[in-house]
Every structure is written in structure tokens, then in C-alpha cells.
Amino acid sequence: MLYYLKFLILTYLTLISYCQAYQWNKIREYGNHHNTEEMFAALDSIHKQCPDITYIYDLPLRSNKNHPLRVIIFSDNPRIHETLEPELKYVGNMHGNEVVGRELLLRLAEYLCEEYQNKNENIQNLIDNTRIHLMPSMNPDGWEIAAQHEWNEGKHDFADISTMLKEHGAKHWTIGRANANEIDLNRNFPDLDKFIYAYNHHRKHKNNHLDSETFRSLLSGNDCKGKPYQIETISVASWIMENSFVLSANLHNGDLVANYPYDISEDTRKKYSGSPDDDLFRQLAETYSFAHKRMQSPEKSCSKEGFQHGITNGAAWYPVCGGMQDFNYLVSNCFELTFELGCDKFPPGNTLKSLWNDNQQSLIDFMMKVHIGIKGLIQNEEGEKIHNAGIKVYYLKNDKWNYIDHDLKSNIDGDYYRLLVDGSYAIEVNSLGYKKEIQYVHVKNQPNQVDAQRLDFILKRATSEEIERQQVLKRYWK
């Protein structure tokens, strides 16, 4: 009798577990949106399915309505940064009523888990050689506001909110865009563009890691629109600054285009304003656009404007101050773009499967780009890793070396990653107390490569006179 009872209990638990797994496996069929609770449950389910290659964590600060800003990591060693393994991130749902990115990242997480287990060689190579952070929702409060407003105000006959979202979506263009305090989070980051444009007028100037400028801006209390900095913004800004991200994309809705820096011109007018890495950013934007089923189409998708090759410079489209895209580029080693994923901000859930099909290859191809260019270790002659070494890049064009006016810094483990398009380069590495070293490299990126060209540096210690000279130059650096 006892054996029979145990058998019934085990059978019951097995059926319950199967039903729960089946419920969340419906993500792959993409029949509807996930509210905040369902989104977290879906992430938990994916982690349980692939515990060895995933890790879930929350940013230290929660949203204004106390929702976690949750991230799932994919890697062969997901809990730690591995030396010479680049990190990338996708951020969805920054505007709460722009929801496709949120759903695509849930589907992407499930896809990566399944395909790794199915021994898809490309996906296994990607995960084994990369640390991938997926944040489905940066603004869960806005999502809830948008959905609830449609339910409260919409004139329709649906049994519940879930059915309404599946068949109808949410139609209001602005409700839920901002956070719970009605602040647009993509105008709420420290406006580092104004600093870099001012510095560019000096022959020698700071061109990266504008940390002190960030802190000064945050301490001022208000963003470039005069609005108070929000807890979601501060949390994500800290996340960007504290991690070794190399590549990133911010997923939006409202048009169909891949947008790249800068997002604002020096005089704030609508005109092209490319960054020092303009060629690289254009290639990264085209990577997403060309793999998309419809983005690169010359036909005007959502508005009167058409975008050649499905890409646009942000400032040439419309100026944005305080955006997350430029903040990434100017405060860290991370190159971020913004992808607008469709005309409808909150489309019916029954269209999401089609939207996944449109974006699936683009999402994968873009992640692969974290491995282009060069990477390496910077250490001294004793084998000690050098943190915060400066990395300058010059490219050869028409027999002349041209400086890319955007330096990077080595990470705490001495590793660095420099995304580069094909070409010949001179790489200069410098660190206080050491003699600078220059090496030359020809970059020829390969499709779907998961290991950038290796270029290590061993710096020799400088003499006391050389160190004094370095300190003087640093003190009067403009």
C-alpha cells in the first residue's frame, strides 16, 4: 500500500512538472504577451531547463513600483567574467509600451537554451565563447501601465486582459512609454554628448570613460530635460559602468530601422553626427538590418521617411539628449545601437511569432559581431595584469595613419576587446609607470567567427624621468 501511495505521488508530481514545462514551452509558439509575473516565470523555466549555461540576477535597485530589473546570462561559465571572453547585452522594453523587444528576448533565451541542448554548433560556439546578458524589461512599470490603461479605457469586449492583449494589443501611442513617475528613461541618462563636443575643441582631450562627468551630472539631480534622474536609470547606468560589456543593443518600437551614434549633434540640430567609430557602427547596424526580413527594404515602413539600407544615424533622424545609446559609448568600452523593431508599439500577441521570424537571424548575427576586431592581454614583464591601460587605435588609409579619436581601457584582469572593421591598424597601449608600446595588425574578420584576432602587450617599466613626464602630461591634459 505504501509503495502504491509513493507511486501515485511521484506520478502526480511528474505530471505537474510536465504541465508547468509545457505551459512555458508555449513561448516558442509566441501566442501572447507575458505580464511581469509571467516574464519572470518564463526566465525561471528556461534556467531550470538549462542550469549549466544560465544564471539569473537582479540589478541592485528595483523599479519605482518595486519590480526587479532582471537579467538572464548565457555562457559556459555564466556566473563570472572569463578572461578574453567578451560580454554583450540586449535591453528590451525601455519604453514600457514598446514591447516587442521584451518578447523577443524571452524567445531568444528559450531559443539559445534549446539550440545549445540540440547541439547547434553555431549556438554552442557563441555561448561557449561569449557572456550574454538579456534584460527583457528595463521598464516593467510602464508595461503594466500601458496594458492596464488599454483594459480600462479601451472599447472592446474581451474576457480578460490576456485575451485583449493577444487579439488587440494596446493602441495608445504614449501611455506607458515613461516609467511610473512619467519620466522618459531614454532622455534620462547623463548627457555626455555635451562634454565630448566641448572636449573635441581641444587638440588633446579626454575621449572615453567620462566617469567624473557622469557623477557630476547625477549629483546635479536633473537630466537634460530638467527631469529628476530615475531609479531605473541610475541602476542601469551603474550596471553599464561596472561590467565589461563590449557590444549592446537597445530594442524599441515605433519604426523599423537600426539606429547608431551619435544621437545628437553639437548644435542639437537635426543633421548627421557620426562618432569616431562611424564606419564600425554603420557595419554593425547593417548586420542587423540585412539579416532582418524587412528592415533593409527601400520601401517606407512606418513614416514618411525611408532609411537607406534600413539604418540611420540618430542625430540625422531626430536629436535625442540623455539617451542610453551614446551614454554606453562615452562612459564605457561598450558599443551600443538602438533597433526599432516595427511600427506598432504594442502589437497583438498573435503577431509575435511572425515578428520573431523577422528578427531571429538578426539577433544571432549581431551577437556574433562581439568577436570582430582584436582582443588580448596587457601585462608587465613580471606577468602582472595591467588595469586601465589606455588603448589607442590608428587606421591606415591612402598610406597615412589616421587616429580613431575614441580610446578604450583594459579591464581589471588586463584583458581588452576592440571591435574593428577590416583593415590595417596601429595599436598603441600606454599606462602610467610604463613605456608605451605600439604593434601593427591587419584585421580580416570572418563570418560567424567566435574568437577575435589575439594581440597581447607586455609593457616595460618607465624610468623615473619618464614617469614624471607622464604625470605632468596627465595633469595638464585638456
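Numbering of residues starts from 1 in each chain and follows the order in which that chain's sequence is written. Two thresholds apply to this predicted model, a pLDDT of at least 70 for residue-level local features and 80 or more for giving and counting side-chain atom pairs, whereas whole-chain, interface and lining totals are computed over all residues. Note that water and hydrogens are dropped before the side-chain values are worked out from all heavy atoms of the structure.

**Things to note about the packing of helix 2 (residues 36-49) against helix 3 (residues 100-117)**
Then comes step 1: All axes are obtained by fitting lines to C-alpha atoms, using only the stretch in contact for helices, and the reported angles, taken between N-to-C directions, cover 0 to 180 degrees. Strands are runs of DSSP state E lasting at least 2 residues, helices are runs of H or I lasting at least 4, and numbering of each runs from the N terminus. Packing of helix 2 against helix 3 brings their axes to within 10 Å, and their N-to-C directions diverge by 10°. Overall, the two elements helix 2 and helix 3 adopt an arrangement that is roughly parallel. The way helix 2 lies across helix 3 gives a crossing that is left-handed. Along its contact with helix 2, which presents Thr36, Met39, Ala42, Leu43, Ile46 and Gln49, the element helix 3 presents Arg102, Leu106, Ala109, Glu110, Cys113, Glu114 and Gln117.
Then comes step 2: Its residues assigned to classes, the contact of helix 2 with helix 3 comprises seven nonpolar, three polar and three charged. For classification purposes, angles smaller than 35 degrees are called roughly parallel, those larger than 145 roughly antiparallel, those between 65 and 115 roughly perpendicular, and all remaining angles oblique. Crossing handedness is read from the near helix: turned anticlockwise from the far helix by less than a right angle, it gives a left-handed crossing, and turned clockwise, a right-handed one. Contact definition: two residues touch when any of their heavy atoms are within 4.5 Å. Under the grouping applied here, Gly and all other residues not named as nonpolar or charged are polar, the nonpolar ones being Ala, Val, Leu, Ile, Met, Phe, Trp, Tyr, Cys and Pro and the charged ones Asp, Glu, Lys and Arg.

**With respect to the packing of aromatic side chains**
Then comes step 1: Each aromatic pair joins two rings of Phe, Tyr and Trp (for Trp, the six-membered one) with centres within 6.5 Å, and gets the label stacked for planes under 30 degrees apart, edge-to-face for over 60, and tilted for any other angle. Summed over the entire model, instances satisfying the criterion amount to 20 aromatic pairs.
Then comes step 2: Site record: aromatic cluster; members linked through ring pairs are Tyr197, Tyr262, Phe281, Tyr329 and Phe335.
Then comes step 3: Two limits define a charge over a ring: the Lys NZ or Arg CZ must be within 6 Å of the ring centre, and within 35 degrees of the ring normal. The residue whose ring lies beneath Arg70 is Phe40, and the NZ or CZ to ring-centre distance is 4.2 Å.
Then comes step 4: Over the ring of Phe245 we find Lys89, and its NZ or CZ is 5.4 Å from the ring centre.

**Notes on the side chain of Glu98**
Then comes step 1: Tracing the backbone through its elements, the reader meets Glu98 in the loop between strand 3 (87-92) and helix 3.
Then comes step 2: Excluding its chain neighbours within four sequence positions, the residues that come into contact with Glu98 are Asn93, Arg177, His252, Asn253 and Lys345.

**Considering the state of the cysteines**
Then comes step 1: Note on disulfides: each one is a pair of cysteine sulfur atoms within 2.5 Å. According to the stated counting rule, one finds three disulfides in the structure shown.
Then comes step 2: Two residues share a disulfide in this structure: Cys50 and Cys113, whose sulfurs sit 2.0 Å from each other. Looking along the S-S bond of the Cys50-Cys113 disulfide, the torsion reads about 85°, which is the right-handed sense. With Cys50 in the loop between helix 2 and strand 1 (54-58) and Cys113 in helix 3, this residue pair connects regions lying 63 residues apart in the sequence.
Then comes step 3: Buried means the residue's accessible area, taken with a 1.4 Å probe over protein chains only, is under 20% of the maximum for its type, while exposed means over 50%, and partly exposed covers the values in between. Taking the relative accessible area as the measure of exposure, Cys113 reaches 0% and is therefore buried.
Then comes step 4: Note that Cys224 is cross-linked by a disulfide to Cys321, the S-S spacing being 2.1 Å. Note on the Cys224 and Cys321 pair: the S-S dihedral is about 85°, so by sign convention the disulfide is right-handed. A residue pair is termed long-range when its members are at least 10 positions apart, and Cys224 in the loop between helix 8 (211-220) and helix 9 (231-242) and Cys321 in the loop between helix 11 (314-317) and helix 12 (324-331) qualify at 97 residues.
Then comes step 5: Taking the relative accessible area as the measure of exposure, Cys224 reaches 33% and is therefore partly exposed.
Then comes step 6: Not part of a disulfide, Cys334 finds its nearest cysteine sulfur in Cys224, a span of 20 Å.
Then comes step 7: Cys334 gets classed as buried once you look at its relative accessible area, which sits at 0%.

Nothing here speaks to function; it is all geometry.
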